[in-house]
Amino acid sequence: MNKPDFQAAIAALTAKFAASLPEKRQALESAFSLWIAERDQNALKDVIGVAHKLAGSGGSYGFDALGQAARDLETQVRSWPDLNPPDAAAALETERLFAVLLRQFPPA
């Protein structure tokens with residue numbers, strides 16, 4: 001593959017990733033809202049899963065701040081024993097990190 005073809009392929013992958021971000025944001029918001037409302041463990045696992053994928057792919061596609069914010073949220077939640085916040089301060093910090101993550105998504 002020559003350089004222009006490679007660059008075109010990367011641009012196409014980046015565009016595809018960017019186009020998927022509204023869906024990923026919606027999945028995060030839905031799962032996080034369910035966790036906030038009911039402390040649903042499965043919803044929190046969904047949040048971790050989406051955050052993990054964003055942490056890995058965000059930087060690869062030029063969304064460094066998004067990837068880092070996702071990594072920060074994932075790290076915070078994975079530090080909890082049994083996926084339960086150890087105290088109110090940890091839960092509030094997680095809500096703050098989630099808000100930071102949402103601000104890193106490009107405008108719709």
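Analysis parameters
- Residues numbered from 1 in each chain as written.
- Predicted model: local features only at pLDDT ≥ 70, side-chain atom pairs only at ≥ 80, totals over all residues.
- Heavy atoms only, no water.
- Helix = DSSP H or I, 4+ residues; strand = E, 2+ residues; numbered from the N terminus.
- Buried < 20%, exposed > 50% of the residue type's maximum accessible area, 1.4 Å probe, protein only.
- Polar contact = N/O pair within 3.5 Å; in protein donor to acceptor, adjacent residues only side chain to side chain.
- Expected span 1.5 Å × (residues − 1).
- Phe/Tyr/Trp six-rings, centres within 6.5 Å; stacked < 30°, edge-to-face > 60°.

Draft legend 1. Spatial organisation of the environment of glycine 59. Along the chain, glycine 59 turns up in the loop between α2 (41-58) and α3 (64-78). For glycine 59, a relative accessible area of 36% translates into the label partly exposed. Taking the C-alpha atoms as reference points, glycine 59 and glycine 49, separated by 10 residues in sequence, lie 17 Å from one another.

Draft legend 2. Spotlight on the environment of glutamine 104. With respect to the secondary-structure elements, glutamine 104 resides in the segment after α4 (88-103). In this structure glutamine 104 comes out as partly exposed when scored by relative accessible area, which is 29%. Taking the C-alpha atoms as reference points, glutamine 104 and aspartate 87, 17 residues apart in sequence, are found 27 Å from one another. Within polar-contact distance, the side chain of glutamine 104 engages the backbone oxygen of valine 100 at 3.3 Å.

Draft legend 3. Fine view of α3. Under the 1.5 Å per step criterion, the end-to-end length of α3 is 21 Å for 15 residues, consistent within 8% with the ideal 21 Å. Where α3 is concerned, the buried positions are Leu66, Gly67, Ala69, Ala70, Leu73, Glu74, Gln76 and Val77.

Draft legend 4. Seen up close, the packing of aromatic side chains. By the definition in use, this model includes 5 aromatic pairs. Where phenylalanine 17 meets tyrosine 61, the ring centres are 4.8 Å apart and the plane angle is 15°; that geometry is what we call stacked. Here phenylalanine 17 is found in helix α1 (residues 3-38), whereas its partner tyrosine 61 is found in the loop between α2 and α3, with 44 residues between them in sequence. Residue class for phenylalanine 17 comes out buried when judged on its relative accessible area of 6%. Note on tyrosine 61: relative accessible area 26%, which makes it partly exposed. Taking the centre distance of 5.5 Å and the plane angle of 55° together, the rings of phenylalanine 17 and phenylalanine 63 count as tilted.

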